[in-house]
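Chain residues, written in single-letter form:
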Amino acid sequence: AAKKLLILPGDGIGVEVMAQVRRIIDWLGKRRKIEFDLSEGLIGGASYDVHGTPLSDGTLAEALAADAVLLGAVGGPKWDNLPFQFKPERGLLKIRKEMGLFANLRPATVFDALAEASTLKAEVVSGLDIMILRELTGGLYFGEPRGIETLPDGSRKGVNTLVYTTEEVRRIGRIAFELARKRNKRVCSVDKANVLECTVLWREEMIKLQQEEFQDVELSHMYVDNAAMQLVRNPKQFDVMVTENMFGDILSDCAAMLTGSLGMLPSASLGAPDATGRRRALYEPVHGSAPDIAGKDMANPLATILSFAMCLRYSFDLAEEADMIEAAVKAVLKGGLRTGDIMQVGKAKVSTTVMGEAVVRELDKM
Ligand code: NAI
Ligand code: MG
C-alpha cells in the first residue's frame, strides 16, 4: 500500500531540520526501495503569509487523509502580534484537535555519547530508554466546569475539573500496553488515587484492562509526586509510564531534562483508528522554531530525524529502518559530531547540513 506521508516544515528551524529528513527519505528510496506517497504543505506563519490562516482547509484535509504527518515547528517574532486566531500556534492546536490525537508519546533516551550533558550524574542516566505516554485530550486541561467566576461578595473563584470516562482511560491504557509489548513489557500507571477520585477510576480501569487483554505485560502504579521523585532518583526503573494530561505534561518535561538537550527530543501523537483501522498520527520534535538561530544552519536536526524514525516504527511498520536510523544517530554522536546545542569540549561543532549528511553517511555503512 502507498505510504501517504504529509510533511509540514512550518517556520524557522522547522524548514532547516526537515530538509535533513528529506535526505533520509531519499536514502530509503534508493537503498531500501521504500517509496512514500509524499506531499508537502504549509502550516503556522508560513501558511498565514500565503493563505491568511495558520492552517488552511486544504492542508487540514491532506493531514486527515495521510497515514502520517511529520511536522517541523511553528512560530516566530514576525507573527507574534497577530490576533489570537491567526497566530502560528493556533494552526498546530487545530491540526492536533482535528486529528483527534489523544495519546502523546515522549521517549526519553540518553545516548551514551551525551550522558554527560544530562543534569544528572552520567551513571544515573547512561543507557536510559523510557517512554512517557501522556493523555492529551482529556483530564484537567479539558474538564468542565471550568473558568473564573465572580461571587456575590465580589471575590472570585477559579475552577478546573479533572474528568475521565472509562473509555478515555481504556484507549490510552491500550496504547500503553501495546507500546510495552514492543519494549520491555512493563507499564507504570501514574495517578493520585490517594486524593483524586477520578484517578481511582483511572487505576481501576488500568487494572481491568491489564487483566482482560494484557496479562503478558506487568502493570504497576505510582502516585505522581513519588513518580517525579523517582524519575530524578532512578529513571532507569521505568519502561512505559502512562498518565493523565497535566501529570504527563509535567513529568515529560522533567524527563526531557534527563536527556540534556531540546534538540534531541522526538515525539509522536496518536489518534483513534479510522474505519480502515489506520491510526491518525503526527510526529514532531519537542522543540519550537528557535528564531534565535533560524536561517543560520545551526539547528540540531536529530530531534526531527528521530521523530521520523518513530513515524517509520509506529505508522509504517518499518521497525528495521527505524532501528537503523537510531543506530546511525548514535554512531554520529559517538564519532564526535555536535551541533551547538549539544556541544562538548573536544568535539567537532558542525552545521545542520553537515549533521544531516553525517547521518546518511552512517546509514550508507549499514
Ligand atoms: P524553542 O524550542 O524554539 O527554543 C528554545 C531554545 O532552545 C532556543 O535558544 C533555541 O535556539 C534552542 N533550540 C530549540 N531547538 C533547537 C534545535 N533543534 N537545535 C538547537 N537549538 C535549539 O522555544 P521558544 O524559544 O520558547 O519558542 C520559539 C518559537 O517557537 C515561539 O514562536 C513559540 O511559540 C514556538 N514554539 C513552537 C513549538 C512547536 O511548533 N511545537 C513548541 C515550542 C515553541
Ligand atoms: Mg510542557
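Reading guide: rules and limits
Residues numbered from 1 in each chain as written. Chains lettered and ligands numbered in written order. Predicted model: local features only at pLDDT ≥ 70, side-chain atom pairs only at ≥ 80, totals over all residues. Helix = DSSP H or I, 4+ residues; strand = E, 2+ residues; numbered from the N terminus. Buried ≥ 20, exposed ≤ 12 C-beta atoms within 10 Å, placed from the backbone. Pairing = 2+ DSSP bridges. Axes fitted to C-alpha atoms, helices over the stretch in contact; angles between N-to-C directions. Near = placed C-beta within 6 Å. Nonpolar A, V, L, I, M, F, W, Y, C, P; charged D, E, K, R; others polar. UniProt positions renumbered as here; feature names shortened; annotations may be inferred. Domains from an automatic or database assignment. Contact = placed C-beta atoms within 7 Å.

The general pattern is negative phi for most residues beyond glycine and trans for most peptide bonds. The omega torsion of the bond from Glu 144 to Pro 145 falls at 0°, within 30 degrees of zero and hence cis. Turning to its location among the elements, Pro 145 is positioned in strand 6 (residues 143-150). Its identity as a non-glycine residue notwithstanding, Lys 33 has a phi of 55°, on the positive side. With respect to the helices, strands and loops of the structure, Lys 33 is situated in the loop between helix 1 (13-32) and strand 2 (36-40). When the 7 C-beta atoms within 10 Å are taken as the criterion, Lys 33 is described as exposed. Positive phi, close to 40°, is recorded for Ala 290, a residue that is not glycine. Along the polypeptide, Ala 290 turns up in the loop between strand 12 (279-285) and helix 10 (302-314).

Pairing between sheet strands relies on hydrogen bonds along the backbone, with the strands arranged either parallel or antiparallel. Across the sheet, which stays open at both edges, the ten strands sit in the order 2-1-3-12-11-4-5-10-8-9 with mixed pairing between neighbours. In the strand order of this sheet, the two ends are held by strand 2 and strand 9 (218-223), each with one partner. Adjacent strand axes in the sheet meet at a mean angle of 20°, parallel and antiparallel pairs treated alike. Relative to strand 12, strand 11 (residues 266-273) is paired through six bridges, and the arrangement is antiparallel. Bridge pairing in strand 12 places Ala 268 opposite Tyr 283.

Okay, the site of ligand 1 next. The full set close to ligand 1 counts 22 residues, and Gly 75, Gly 263, His 287, Gly 288 and Asn 300 are the nearest of them. In terms of residue class, the shell around ligand 1 is built from ten nonpolar, eight polar and four charged.

Attention now moves to the UniProt feature "domain: Isopropylmalate dehydrogenase-like" (unreviewed entry) in the protein chain. The feature "domain: Isopropylmalate dehydrogenase-like" (unreviewed entry), as annotated in UniProt, sits at residues 4-359 in this numbering. Helix makes up 41% of residues 4-359 and strand makes up 23%, while its end C-alpha atoms are separated by 24 Å.

What follows is about the domain arrangement of the protein chain. Here the protein chain is partitioned into domain 1 (1-111 + 262-366) and domain 2 (119-259). Using only C-alpha atoms to locate each centre, domain 1 and domain 2 end up separated by 25 Å. Listed as interface residues are 16 residues of domain 1 and, on the opposing side, 22 residues of domain 2. Secondary-structure elements contributing two or more residues to the side of domain 1 that touches domain 2 are strand 4 (101-109) and strand 11. Ranked by residue count, the leading element in the side of domain 1 that touches domain 2 is strand 4, at nine residues. Per-class residue counts for the side of domain 1 that touches domain 2 are twelve nonpolar, three polar and one charged.

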